[in-house]
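Chain and residue survey
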Amino acid sequence: MKFDKSNAQSPLVGDTVIETPHEEPEYTRSSTVIPTVVVSCISLEDSRKISVEKEQSELQNLEPLEKTQDPKNPPTILASFYLDGKLEELDEQYLQQKEEADDEKFHSTVKGVFNQCLVTCAVLVLAAACGMPIGYSAVLLPQLYNVSEPLFIDIEMGSWIASVHSLATPIGSFASGPIMDRWGRKPALMLAIVPLFFGWVFLATASSHFLILVGRVVAGIAVGLIAAPAQVLLAEIAEPHLRGLLIGVPFVSYSLGILLVYFLGSFLHWREVAWAGTVLPAVSFLAIAVMPETPVYLARNNQLQKAAKALHWLRGCPIQAKRELVQLIIRFRNETLEGNNNGIWKSLAEISLIKPLVIINSFHVLQILSGTYLVVFYAVDIISDMGGSDINTMQAAVLTAVVRLVFTCLYCFLLLAMPRRTMVIGSGIGSGLSCLAIAIFMYARMDALKTSMDTYVMAVFILIYIGANTGFMTMPGIMIGELLPAKIRGQIAGYLFTIFNLLLFGVAKAFPYVKKVFKTQGLFLIFGVASFGASLLVYLMLPETKGWTLHDIEDYFQQRNWFWVNRRISRMKGDTGVEEEGTPLKDVKK
């Protein structure tokens, strides 16, 4: 079928494109990227020369070389679109020269960075809304254990109220993958906010234990629906040098949500705290409604005009937007030509997916066993066991939340300043040492009369533990956003959060019974061993992704090596000497 480019309709793959004279449309006079993309089509005319004015481009070698066209072998046009009023046509020669120019670095404009931050802020509000139900059990349970409370509960019901949230979360996580792959990251988040809002309403109006459990379940499903799309969205809108910060900073807001619910619970009734929990979901719904969909999702779902507009808005630089759009088009095209767009279950047999799955799931297990979330769920109970009757347990729980918030902020900035691996390994070592110190001190003072000095010593140890262990909280989201290949990132992310929350439910449900057997000091001994194990896992297997593009990370996992240590040793044997961690693979001489 022949296609006339003057026609308003879009061509299909395989159509032959005929160039016809046309007047420049009005919208080409604006600074907007408006693509009319043709993938894998053959042009009967010579492709137009790609040109960008010098003051707009930092890459002079992007100009294609003069070439003599063979009418019998016309060039393959990968894509054509309008950029700042000029029709850009990208062929195979442009691709070759672009790869040679990849060493040239340039980033978004100030406006583009600001727009990325605006999208992140919308997710931050939602992350705080998700943190509140996580910490709500620490507010709810002490009040319900009071015999004067009309809905008085025993230990068994208390363990269900604390853990059922984690049991319900996998339901949402399992559904989030297909939802965000089918309708997009933005609609998936907006859909998830609805049950989060009504979960708080159920809790605020509960007249029985059953309705409390219903409210916890509904809120848990909502948090599960939110987790994967939020991380994937931030990973896909952020440029490489900002990605660690933008993916990590929602955990600051998450910790702020936990702190907020602790603070409200220190002087409000649990029903009033639940009503206050409806505010952030409503605000986040309005904020997310006005932000764009991710360019990755749009480009991979053949919505290239929207993808180009979103990239131009998120980057501010038309050259940057063009290059990223071309990369998305080419990678999707190559996957299609190579037959790599198989179903999710066939993809599970690929080594490029097996390796990140092993890393992520192993880290999840060790993170849970290191106490990252158990201390949040049972903060009051743990502090009560450690400090005796001389400490205000609720105020101490608020203090631990403040420390977690401060250190989460610190770790987010460390993600900009230092390699990921160094930060997480240091976090695990600090967490393990502080846990061992707590266990040894509690064993040594087990039968001794507790003094105020014991309380101070334990307070210092627990605050060091929380500060160090908080580094673990930021990593799962970064791993899921960075390590998974784009073609199945949405679905796999949802399933990974499902597995994580099932594990978390089982551990949280068993926690009160395990604590009876091993006591608090035994639990911290387990926390310490798991922390050291997580550091060892990261040292051996986790690649340093700081400064890498998502395409670079995918390419790394397609190689045969399992251990990052081996990769680093092999790189040191090259002619270039020791390479800096985080150097993109294409910059490393083999």
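Residues numbered from 1 in each chain as written. Predicted model: local features only at pLDDT ≥ 70, side-chain atom pairs only at ≥ 80, totals over all residues. Heavy atoms only, no water.

**Description of the overall build of the chain**
Rules: The secondary structure listing takes helices from DSSP runs of H or I that are at least 4 residues long and strands from runs of E that are at least 2 residues long, numbered from the N terminus. In this scheme, a residue with accessible area under 20% of its type's maximum is buried, one over 50% is exposed, and one in between is partly exposed, where area comes from a 1.4 Å probe on protein chains only. It only takes one pair of heavy atoms within 4.5 Å for two residues to be counted as in contact. Every accessible area reported is derived by Shrake-Rupley at a probe size of 1.4 Å, with residue values counting cover from the shown protein chains alone.
Across its full length, the chain holds 22 helices and six strands. Burial analysis of the chain (590 residues in total) assigns 56% to the buried set. Contacts in the chain between residues at least 24 apart in sequence constitute 80% of all its contacts with a sequence separation of at least 6. Split by element, the accessible area of the chain, about 24700 Å² in all, is 64% carbon and sulfur.

**Let's talk about a nonpolar patch on the surface**
Rules: A patch is a set of surface residues, each over 30% in relative accessible area and not in a salt bridge, joined within 9 Å for like charges and within 5 Å for the nonpolar side chains Val, Leu, Ile, Met, Phe, Trp and Tyr. Throughout this description, the term salt bridge denotes a Lys or Arg side-chain nitrogen within 4 Å of a carboxyl oxygen of Asp or Glu.
A surface patch of nonpolar side chains, amounting to about 560 Å² of accessible area, comprises Val365, Leu369, Ile499, Leu503, Val517, Phe518 and Ile526. Those elements that place two or more of their residues in the nonpolar patch are α14 (351-369) and α20 (489-541). For the nonpolar patch, the element with the most residues is α20, which contributes five residues. Its place among the elements puts Val517 in helix α20.

**Examining the side chain of Thr545**
Selection rule: We define a polar contact as two N or O atoms separated by no more than 3.5 Å, with the added condition that, inside protein, one atom must be a possible hydrogen donor and the other a possible acceptor, whereas residues neighbouring each other in sequence contribute only through side-chain atom pairs.
Assignment of secondary structure puts Thr545 in the loop between α20 and α21 (550-557). In terms of polar contacts, Thr545 uses its side chain to reach the side chain of Glu482, at 2.5 Å. Beyond its immediate stretch of four places on either side in the chain, Thr545 contacts Arg243, Arg420, Glu482, Leu483 and Ile553.

**Some words on unusual backbone geometry**
Positive phi outside glycine occurs at Asn302, with the angle close to 60°. As for its position among the elements, Asn302 is in the loop between α10 (295-300) and α11 (304-315).

**Concerning the nonpolar core**
The condition is simple: Here the nonpolar core consists of buried residues drawn from Ala, Val, Leu, Ile, Met, Phe, Trp, Tyr and Cys, with membership extended through side-chain atoms lying within 4.5 Å. Note that the domain bounds were set by an automatic or database domain assignment.
Ranked by size, the top nonpolar core spans 109 residues in total, and within it Tyr136, Leu196, Ile212, Phe363 and Leu484 carry the most contacts. For this core, the two domains that each supply at least three residues are domain 1 (110-291) and domain 2 (350-563). Not counting the four nearest positions on each side in its chain, Ile212 is found in contact with Leu140, Leu144, Leu151, Ile161, Leu203, Ala206 and Trp270. Counting residues in each nonpolar core, the second largest holds 16 residues, with Cys435, Ile438, Phe511 and Phe527 among its members.

**Some remarks on the confidence of the model for the chain**
Worth spelling out the cut-off: pLDDT measures how confident the predictor is about each residue, on a scale from 0 to 100.
Across the chain, the average pLDDT comes to 75, with 72% of residues at or above 70. Below a pLDDT of 50 lies the segment residues 568-590, which in the model reaches 41 contacts outside its immediate sequence neighbourhood of four places, other chains included.

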